[in-house]
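Chain by chain, the residues:
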Amino acid sequence: MNDVITKTDIKVITHTVRFEPMGIEMDVNEGETVLDAAFRQGISVMHGCKEGQCASCKSKLVDGDIELLRYSTFALPESERDTDHILLCRTLAYSDITVELLNYDEDLLSRSIAVKEIGAVVVSVLPLTRDIRILTLELDAPLRFWAGQYVDITIPGSGITRAFSMANAPGDHATGGVRTLQFIIKIYPNGAFSARLEGGLTAGNALTIKGPYGTCFHREGRPGPLVLVGGGSGMSPLWSILLDHVARGDHRPVRFFYGARTKADLFHIAEFAAIGEKLPDFKFIPALSHAEPGDEWSGETGFVHDVVARVLKAEGLEGEIDAYSCGPPPMIDAVLPVLQMAGVEPERIYFDKFTTATR
């Protein structure tokens with residue numbers, strides 16, 4: 001008679017991971033990356049792409065046996081691999097290991113939320129501009145997240161998974177989170193996910209979300225100005241941060257810069273005006289890089305990083321600034337030095353580069 005193997009017969013081999021210099025310990029299953037194990041147990045270490053491409057989770061192996069899954073040598077050059085540097089998102093453990101975190105944020109670790117996978121249903125897909133849509137989902141269970149974070153959204157049976165930042169406020173964490181999520185998404189003609197927002201995904205369609213992820217989230221309760229800089233669908237996490245700021249009754253000065261090509265690419269204008277009525281020192285500063293004659297535009301023109309530089313210099317905002325920037329990589333790369341030249345401390349600059357998926 002053939003033996004029948006059940007799930008209870010399969011023993012999961014686990015090891016211990018110790019993160020230095022904090023001394024935090026967690027379990028990791030064989031076959032599970034160290035980063036995934038951290039997500040599962042609600043330990044938020046620095047991370048970015050989760051695919052071995054960006055180097056955000058680069059660390060150093062102090063002790064133990066590991067294997068690295070395939071990764072980009074741009075993220076981890078062979079010279080660094082030779083000195084025991086690793087990428088947590090590519091690391092499989094085959095013994096207890098000790099890892100030195102080279103880039104960590106104690107505030108991030110203190111706000112850790114365990115990653116969950118939750119079923120969702122499409123409520124609506126509504127246009128904001130000619131190529132930007134707002135997707136609303138209803139979840140099967142509540143999700144806790146920090147304003148500015150993102151989730152992976154999967155279309156079941158398609159093999160398509162994409163990362164999108166929430167556009168709504170996270171609500172009161174004490175109540176367990178929210179069951180409705182919104183996402184501001186830019187449509188790309190050949191986008192495996194985004195193109196489906198043009199009729200392929202409709203109300204009632206089932207999806208799966210997994211998260212939360214991301215380190216570019218709202219650090220609330222601080223004095224000093226708040227500077228938000230976005231472009232395209234980079235509005236999504238910044239809108240979440242702004243709504244969270246309002247919901248918490250925070251009164252620090254806020255400057256929200258948004259880069260668009262033409263006036264037709266702007267949205268939420270009335271909503272920004274309504275927020276301006278609630279906050280004592282708030283300015284929404286859109287910048288058009290390709291203003292058209294018919295726009296009758298009297299606002300800022302040029303690339304958004306140049307506008308940020310001009311405005312921050314002219315205003316001379318006082319106090320320690322927290323700055324958040326989300327959008328396409330060229331915009332982020334241009335904004336970061338501008339913020340530092342304006343006196344923003346590097347450790348108080350948070351950013352999220354919105355790259356286009358290659359598959």
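Please refer to the structure higher up on the page.
> Please explain the side chain of D352 as it appears in this structure.
Mapped onto the secondary structure, D352 falls in strand β19 (residues 349–353). Although D352 lies buried, it forms no salt bridge, and the closest oppositely charged side chain, K50, sits 9.5 Å away as judged by the N-O distance. If near-sequence neighbours (up to four positions away) are discounted, D352 is found in contact with Y150, S165, C216, S325, C326, G327 and I332.

> Explain the nonpolar core to me, please; I cannot follow it from the model alone.
What tends to happen in soluble globular proteins is that the nonpolar side chains get buried as a cluster. Ranked by internal contacts, the top residues of the largest apolar core, which has 29 residues, are V17, F19, M26, V45, L88, I97 and V99. Mapped by element, the contributors of at least two residues to this core are β1 (14–20), β2 (24–29), α1 (34–40), β4 (66–68), β5 (85–87) and β7 (97–101). No other element matches the five residues that α1 contributes to this core. When neighbours within four sequence positions are excluded, I97 is seen to be in contact with T16, V17, R18, V34, L61, D63, G64, D65 and I66. Core analysis: the second largest hydrophobic core is formed by 28 residues, L242, F267, F272 and Y324 among them.

> Which parts of the structure should I look at to understand the packing of aromatic side chains?
Each aromatic ring pair is described using two quantities: the centre-to-centre distance and the angle formed by the ring planes. All told, the structure shown has eleven aromatic pairs when counted by the stated rule. With centroids separated by 5.6 Å and ring planes inclined at 40°, the aromatic side chains of Y150 and Y213 adopt a geometry described as tilted. With Y150 in strand β10 (residues 150–155) and Y213 in strand β13 (residues 206–213), this pair connects stretches of sequence that are 63 residues apart. Its relative accessible area of 7% is what places Y150 among the buried residues.

> Explain the environment of D131 here, please?
Looking at the element boundaries, D131 is found in the loop between β8 (116–127) and β9 (132–143). If we skip the residues at most four places from it in the chain, D131 touches I185, K186, I187 and D265.

> What is the right way to read the packing of helix α4 (residues 235–247) against helix α5 (residues 269–278) from this model?
Angle between the axes and distance between the axes are the two parameters that describe a pair of packed helices. Viewed as axis vectors pointing N to C, α4 and α5 meet at an angle of 30°, and their least axial separation amounts to 11 Å. With respect to α5, the element α4 is oriented roughly parallel. The handedness of the crossing between α4 and α5 comes out as left-handed. Across the interface between the two elements, M235, W239, L242, L243 and V246 from α4 touch E271, F272, I275 and K278 from α5.

> I tried to follow unusual backbone geometry on my own but got confused; where do I start?
Trans is the common state for peptide bonds, and a negative phi is the common state for residues other than glycine. P21 follows E20 through a cis peptide bond whose omega is 10°. Position of P21 relative to the elements: it lies in the loop between β1 and β2. A cis amide bond, omega 10°, links G211 with the succeeding residue P212. Mapped onto the elements, P212 comes out in strand β13. Notably, A55 is not glycine yet its phi reads approximately 75°, a positive angle. As for its position among the elements, A55 is in the loop between α1 and β3 (58–63).

> Mind showing me how you'd approach the sheet that holds strand β11 (residues 160–165) here?
Remark on secondary structure: sheet strands pair via backbone hydrogen bonds, oriented parallel or antiparallel. The strand order across the open sheet built from six strands is β11-β10-β13-β8-β9-β12, with neighbouring strands paired in antiparallel fashion. The open sheet is flanked by β11 and β12 (178–186), the only strands paired with a single partner. Across this sheet, the average inter-strand angle for adjacent strands is 35°, counted without regard to direction.

> Just checking my understanding: could you explain the pattern of salt bridges for this structure?
Between side chains of opposite charge, pairing is possible as soon as their charged atoms come close. Considering all chains together, one arrives at 17 salt bridges under this definition. The shortest N-O distance in the salt bridge between D131 and K186 comes to 2.7 Å. In this pair, D131 sits in the loop between β8 and β9 while K186 sits in strand β12, placing the two residues 55 residues apart along the sequence. Judged by relative accessible area, K186 falls into the partly exposed class, the value being 24%. Here R348 and E320 are joined by a salt bridge, their closest N and O atoms 2.7 Å apart. In this pair, R348 sits in the loop between α7 (329–341) and β19 while E320 sits in the loop between α6 (304–315) and β18 (322–327), placing the two residues 28 residues apart along the sequence. Through salt bridges with shared partners, one network takes in R252, E320, D322 and R348.

> What am I meant to see in the pairing of β18 here?
In regular strands, side chains alternate between the two faces of the sheet. For β18, a buried count of six out of six residues is recorded, marking the element as mostly surrounded by other parts of the structure. In the sheet, β18 pairs with β19 via five bridges, with the strands oriented parallel. Residue Y324 lies in a different strand from β19, and its bridge partner there is Y350. Taking the sense of rotation as the criterion, the β-α-β connection linking β18, α7 and β19 turns out right-handed.

> Would you mind showing me how to read the layout of surface pockets here?
The gaps left among the atoms become clear once a water-sized probe is rolled over them. Considered as a void within the structure, the second largest pocket measures approximately 160 Å³ in volume. Surrounding the second largest pocket, A309, L312, K313, G316, L317, G319, I321, V338, M341, A342 and G343 form its lining. Every element with two or more residues in the lining of the second largest pocket is listed here: α6 and α7. It is α6 that contributes the most residues to the lining of the second largest pocket, three residues altogether. Of the residues assigned to the lining of the second largest pocket, the class counts are seven nonpolar, three polar and one charged.

> Just to check I follow, could you spell out empty space enclosed by the protein for this structure?
Tallying each qualifying case throughout the model produces two cavities of 30 Å³ or more. One number sums up the size of the largest cavity: a volume of about 90 Å³. Lining the largest cavity we find 15 residues, and of these S44, S112, I113, Q149 and P212 sit closest to its centre. Of the residues that constitute the lining of the largest cavity, the class distribution is nine nonpolar, five polar and one charged.

Calculation rules
Residues numbered from 1 in each chain as written. Predicted model: local features only at pLDDT ≥ 70, side-chain atom pairs only at ≥ 80, totals over all residues. Heavy atoms only, no water. Helix = DSSP H or I, 4+ residues; strand = E, 2+ residues; numbered from the N terminus. Buried < 20%, exposed > 50% of the residue type's maximum accessible area, 1.4 Å probe, protein only. Lys, Arg positive; Asp, Glu negative; His and termini not counted. Salt bridge = Lys/Arg side-chain N within 4 Å of Asp/Glu carboxyl O. Contact = heavy atoms within 4.5 Å. Core = buried A, V, L, I, M, F, W, Y, C linked by side-chain atoms within 4.5 Å. Phe/Tyr/Trp six-rings, centres within 6.5 Å; stacked < 30°, edge-to-face > 60°. Axes fitted to C-alpha atoms, helices over the stretch in contact; angles between N-to-C directions. Parallel < 35°, antiparallel > 145°, perpendicular 65-115°, else oblique. Left-handed = near helix turned anticlockwise from the far one by under 90°. Pairing = 2+ DSSP bridges. Right-handed = clockwise from strand over helix to strand, strands pointing away. 1 Å grid on protein atoms, 1.4 Å probe; cavity = no way out; pocket = protein on both sides within 12 Å on 5 of 7 lines; lining within 4 Å. Points joined across faces, edges and corners; volume = space filled by probe spheres on them. Nonpolar A, V, L, I, M, F, W, Y, C, P; charged D, E, K, R; others polar.

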